[in-house]
Amino acid sequence: MTTQSPGTPPAAFEAIGLTRSYDLEGVSVDALRGVDLRIEQGEFVAILGPSGSGKSTLMHLLGCLDRPTSGVLRVGGVDVSTLDDTRLAELRNQTIGFVFQSFHLLARTPALDNVALPLVYRGVGRSERRARAEAALKAVGLGHRMGHRPSQMSGGEQQRVAIARALVGDPQVVLADEPTGNLDTRNGEEVMNLLERLNADSGVAVVLVTHEPDVAARARRQVHVRDGLIELDSRSRTAPAGTTEGEVG
Amino acid sequence: MRTAEALRMALEALRVNRLRSTLTMLGVIIGVLAVVILVAIGTGAKNAVEKEIAGLGSNIILVVPGQVGLGAAPTQSRLDLTDVAFVRRVVGDPSKVTVAVNSGEPVRVGRNEVFATLTGTDENMPNIFDRPLRRGRYMSATDVDTRRRVTVLGSEVAAKLFGDVDPIGRQVTIAGVRFRVIGIYETVGSTFGVARDQEVHVPVTTAQRLIGLPRINGIAVGASGPDEIESLQSRVVAALDARYPDEKFSAVTQTQLLGTIGTVLSMLTGVLAAIAGISLLVGGVGVSNIMLVSVRERTKEIGLRKALGARQRDVLWQFLIEAVLLTTIGGLIGILLGVGGALLIQALSPVPAAITWWSIALAFGVSVGVGVFFGVAPARRAGRLDPVVALRSE
Ligand SMILES: Nc1ncnc2c1ncn2[C@@H]1O[C@H](COP(=O)(O)OP(=O)(O)O)[C@@H](O)[C@H]1O
Ligand SMILES: [Mg+2]
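Residues numbered from 1 in each chain as written. Chains lettered and ligands numbered in written order. Predicted model: local features only at pLDDT ≥ 70, side-chain atom pairs only at ≥ 80, totals over all residues. Heavy atoms only, no water.

> Explain the overall build of chain B to me, using residue names and the numbers behind them.
Helix and strand content of chain B: 13 helices and twelve strands. Relative to a compact globule of 394 residues, whose C-alpha radius of gyration would be 21 Å, chain B shows 33 Å and is clearly more extended. Here the C-alpha coordinates of chain B stretch approximately 105 × 50 × 30 Å along the principal axes. The burial tally for chain B puts 47% of its 394 residues in the buried class. (Helix = DSSP H or I, 4+ residues; strand = E, 2+ residues; numbered from the N terminus. Rg over C-alpha atoms; globule rule 2.2 N^0.38 Å. Buried < 20%, exposed > 50% of the residue type's maximum accessible area, 1.4 Å probe, protein only.)

Take a look at the structure:
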């Protein structure tokens, strides 16, 4: 159904009939019930839906943290069912950056080392790790906070450290699960600006999970999820740059 | 991920949880400490006893009535001086055979009195035992033959009775009978708890009259070399057994004594080390426990690391290194404290302590091994954690 013409790059993600059920004390819970979704390289997509609709489950599948119960998932053209756990870990490490609602930083480890962590698992040497982590922290405006520990930082700063960590390895995609969920409006705004800039400047695809419509409105495409199914897949009329106009209505 | 990286990560984790790391190490520290100290004491005791036996003299065979062995009751002696003469004929060289009669007696000079071991012996004693004189002379054949009341004093007896005064030629009263001091021995220490510096030696004939019994306690034979010991030993025992068909005689050599006592003390040291080793094992169980708790507590961290690209083996390695580091550092601290403790015991108490390299190497090896053994299960659990479950846990 989704054939690929020669010459065009493979889609960042291509899901066909994706399902995921959990076994809860003998009762089967269907978190995803057959999702078809194609996300191209460089896209900025918001996944919207009420709580419990399956957004995080979908994101974990796209991020290769979890395996589907049935269906096919291709990441960068590679069918993930052909990969063992080690290869999945390498795929995550090299192509995907994660941003979580609750930041997930090592609380007592300096920001710089937190940001450099993905490079540790890539086998990058210490001095290069340092240099790249410094650059990433500067890119999110935290060049002056490199030695600070997350426990000494505000929520907004912590989420910016997490974004630096997501982009330090030059990923093809950043998956952000409710990145503004724990932040006030001003800090949420700042995080969204960073993600937008990341997408615009480096061509990194951003997949943003949220249940807040005004956050979702900043993406160029909105995928609405309900009860484990895609209910609506819509694109903003507005041009990629200068999104402020689109927010007025 | 490189090993150096994993090591740095593990050290960081231990540093962050400093108090818990220290408490966990404590079990290993105590176990290693106990192994090192107990082995040092056991080895020291063995060395001391061996030195004592070697200090007696060389190539000595002690002939005593009855069976000699651990737990055998001492036998009433039926030997007398005719048996000594008999053994002399068997041995061939009379000067290589001597005799001992022992009895505890009070020894007095004026108002000074000490309780000493009265030993009746003869002029051949210095040919067989290592018993150098400080002053004066040994007893002579004439002293023995004519039952003279002369005595050679152990250094401690001489010092207690005479103080700074030269005792040679002076009188002492042994069991109420007056003796003339003809010599003083050098200080030689004790053997098997026998304080040899508290002995007073008199001619065996004089001693028998003083005690009122014609018996002797034992005969000592000096072999001319190590090669001769065994044949001489069996020859003497066989001859005595033939002479007294109803009785048993035993002859023990220094080598046999050294062997027996050495074996007993080595066994004892081994048992002590094993007991200490068990405590080390218990320490290892503690490490395992804490690591399991740590894995549970750090579920989110593990999930995050996996999301960022840590492979199963990276996480396993990280936690295994942490466990091994815990026990290894604990082991090193235990060794340092153990060596320090052994030196302290050596310096401050009469217990001899000898630090042995093998006990240190063993303790170190076991602590590393305990870390690997008890670290594997928690580390595998950490490595296998499902990243989604780990990340969702709040
Ligand atoms: N590990 C799990 N075991 C059982 N049910 C789960 C598990 N994870 C998620 N679910 C269920 O799957 C559904 C979708 O959850 P989730 O993807 O977290 O939704 P969302 O992120 O949209 O709020 C929910 O009903 C949730 O209870
Ligand atoms: Mg969610």
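> Could you give an account of the interface of chain A and chain B, with specific residues and numbers?
Every contact between the two is made by 29 residues of chain A and, on the other side, 29 residues of chain B. Between chain A and chain B the total buried area reaches about 2400 Å² when both faces are included, carbon and sulfur atoms providing 57% of it. On inspection of chain A and its partner chain B, the count reaches two salt bridges. Among the ionic pairs, Glu90(A) bridges to Arg311(B), the shortest N-O distance being 3.3 Å. Inspection of the chain A/chain B interface yields six residue pairs in polar contact (both at pLDDT 80 or more). Of all the elements in the fold, those that place two or more residues in the side of chain A that touches chain B are helix 1 (55-62), helix 2 (85-95), helix 3 (111-120) and helix 4 (126-139) of chain A. Of the residues forming the side of chain A that touches chain B, the biggest block, six residues, is contributed by helix 2 of chain A. (Contact = heavy atoms within 4.5 Å. Buried area = accessible area lost by both parts, 1.4 Å probe. Salt bridge = Lys/Arg side-chain N within 4 Å of Asp/Glu carboxyl O. Polar contact = N/O pair within 3.5 Å; in protein donor to acceptor, adjacent residues only side chain to side chain.)

> Quick rundown of the sheet that holds strand 6 (residues 96-99) of chain A? Include the residues and the values.
Residue and element names in this part refer to chain A. The six strands are arranged 6-7-8-3-9-10 in an open sheet whose pairing can be described as mixed. Single-partner strands in this sheet number two, and they are strand 6 and strand 10 (229-235). This sheet shows a mean twist of 15° between the axes of neighbouring strands, independent of strand direction. As judged from the four bridges shared by strand 6 and strand 7 (residues 173-177), these two strands associate in the parallel manner. For Ile-96, the partnering residue across the bridge sits in strand 7 and is Val-173. Of the strands in this sheet, strand 3 (44-48), strand 6, strand 7 and strand 8 (205-210) are in contact with helix 1, which crosses strand 7 at around 155°. Contacts between helix 2 and the sheet are confined to strand 6 and strand 7, with strand 6 contributing the most and set at about 80° to the helix. (Pairing = 2+ DSSP bridges. Axes fitted to C-alpha atoms, helices over the stretch in contact; angles between N-to-C directions.)

> Explain the UniProt feature "domain: ABC3 transporter permease C-terminal" (unreviewed entry) in chain B to me, and be specific about the residues and the numbers.
Taking the UniProt record as the reference, the feature "domain: ABC3 transporter permease C-terminal" (unreviewed entry) is found at residues 274-387 of chain B. Secondary structure content for residues 274-387 of chain B is 87% helix and 0% strand, and the end C-alpha separation is 43 Å. (UniProt positions renumbered as here; feature names shortened; annotations may be inferred.)

> I'd like a rundown of the confidence of the model for chain A, residues and numbers included.
Looking at chain A, the pLDDT average stands at 91 and 92% of residues meet or exceed 70. Contacts from residues 239-249 of chain A, a stretch scored under 50 in pLDDT, to residues over four places away or in other chains number six contacts. (pLDDT = per-residue confidence, 0-100.)

> Before we move on, could you go through the pattern of salt bridges and cite the residues and values that matter?
All names here are of chain B. Applying the stated criterion across every chain, the model contains 34 salt bridges over all chains. The residue Arg-8 makes a salt bridge to Glu-5 at a minimum N-O spacing of 3.1 Å. On the criterion of helical spacing, the pair formed by Arg-8 and Glu-5 is a turn pair, its members being three residues apart in helix 1 (residues 3-16). With relative accessibility at 36%, the residue Arg-8 sits in the partly exposed group.

> Which residues make up the site of ligand 1, and what values do they have?
Taken together, Tyr22(A), Leu24(A), Ala31(A), Pro50(A), Ser51(A), Gly52(A), Ser53(A), Gly54(A), Lys55(A), Ser56(A), Thr57(A) and Arg392(B) make up the full set of residues adjacent to ligand 1. Lying at an intersection of chains, ligand 1 is approached by residues of chains A and B. Within the backbone of Gly52(A), an N or O atom sits 2.7 Å from an oxygen atom of ligand 1. Within the side chain of Arg392(B), an N or O atom sits 2.8 Å from an oxygen atom of ligand 1. Against a free-state accessible area of 560 Å², the protein chains account for coverage of 70% of ligand 1. At the level of secondary structure, the elements contributing two or more residues to the shell around ligand 1 comprise strand 1 (13-24) and helix 1 of chain A. A per-element tally of the shell around ligand 1 places helix 1 of chain A first, with three residues. Tallied by class, the residues present in the shell around ligand 1 amount to four nonpolar, six polar and two charged. (Near = heavy atom within 4 Å. Areas by Shrake-Rupley, 256 points an atom, 1.4 Å probe, with all protein chains shown as cover. Nonpolar A, V, L, I, M, F, W, Y, C, P; charged D, E, K, R; others polar.)

> Before we move on, could you go through the environment of Gly155(A) and cite the residues and values that matter?
Residues and elements named next belong to chain A. Positionally, Gly-155 belongs in helix 5 (residues 155-167). Given the relative accessible area of 27%, Gly-155 is considered partly exposed. Remark: the alpha-carbon pair of Gly-155 and Arg-218, spanning 63 residues in sequence, is separated by 21 Å. With sequence-adjacent residues up to four places away left out, Gly-155 is seen in contact with Phe-103 and Leu-183.

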